[in-house]
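# Examination of the molecular architecture
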Amino acid sequence: QVQLVEAGGGLVQPGGSLTRSCAAPEYVFSRYNMAWYRQAPGKQRELAATITTDGNTNYEDSVQRRFTISRDNAKNTVYLQMSSLKFEDTAVYYCNARLVTVKYSDEHWGLGTQVTVSS
């Protein structure tokens, strides 16, 4: 069972910042693209940001220019720096690792942590 160990999260005021981290086993981190998903109350889980093994990033429109995804290959850790947080960013945030090849696909999830934006 692959474990993605998440940290960070909690309560933050609107306009504030928060950083989440997710550590993965080296054999996963070095081969898998990493991502952060989020699920707001009453809504489906949605992709927030992705980063490939080469460091290429992509963001959902609503978090573009406010969130930054990065990876530290020495620590096998991916980060999500969230700034200018809004009420609508309140959600459970999940770390994801995904590998897709011609012959094989695999995916792992973290347990998720609540991020609440509230005054």
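One can find the structure itself at the top, above this paragraph.
Report on the accompanying structure. Small disclaimer: the values here were computed from a predicted structure and weren't measured.

Working definition of a disulfide: a covalent bond connecting the sulfur atoms of two cysteines. Evaluated as defined, the whole model comprises one disulfide. Disulfide pairing is shown between Cys 22 and Cys 95; the S-S distance is 2.0 Å. Across the S-S bond of Cys 22 and Cys 95 the torsion is about -80°, and the bridge reads as left-handed. Of this pair, Cys 22 sits in strand β3 (residues 18-23) while Cys 95 is found in strand β9 (residues 91-100), placing the two residues 73 residues apart along the sequence. Here the two residues Cys 22 and Cys 95 agree in accessibility, since each one is buried.

By secondary structure assignment, the location of Glu 6 is in strand β1 (residues 5-7). When its relative accessible area of 17% is taken as the criterion, Glu 6 is described as buried. In this structure the side chain of Glu 6 is engaged in a polar contact, spanning 3.2 Å, whose partner is the side chain of Arg 20. At 2.8 Å, the side chain of Glu 6 and the backbone nitrogen of Cys 95 are in polar contact. Filtering out sequence-adjacent residues up to four positions away, Glu 6 remains in contact with Arg 20, Ser 21, Cys 22, Tyr 93, Tyr 94, Cys 95, Gly 110, Leu 111, Gly 112 and Thr 113.

Analysis parameters
- Residues numbered from 1 in each chain as written.
- Predicted model: local features only at pLDDT ≥ 70, side-chain atom pairs only at ≥ 80, totals over all residues.
- Heavy atoms only, no water.
- Disulfide = S-S within 2.5 Å.
- Helix = DSSP H or I, 4+ residues; strand = E, 2+ residues; numbered from the N terminus.
- Buried < 20%, exposed > 50% of the residue type's maximum accessible area, 1.4 Å probe, protein only.
- Polar contact = N/O pair within 3.5 Å; in protein donor to acceptor, adjacent residues only side chain to side chain.
- Contact = heavy atoms within 4.5 Å.

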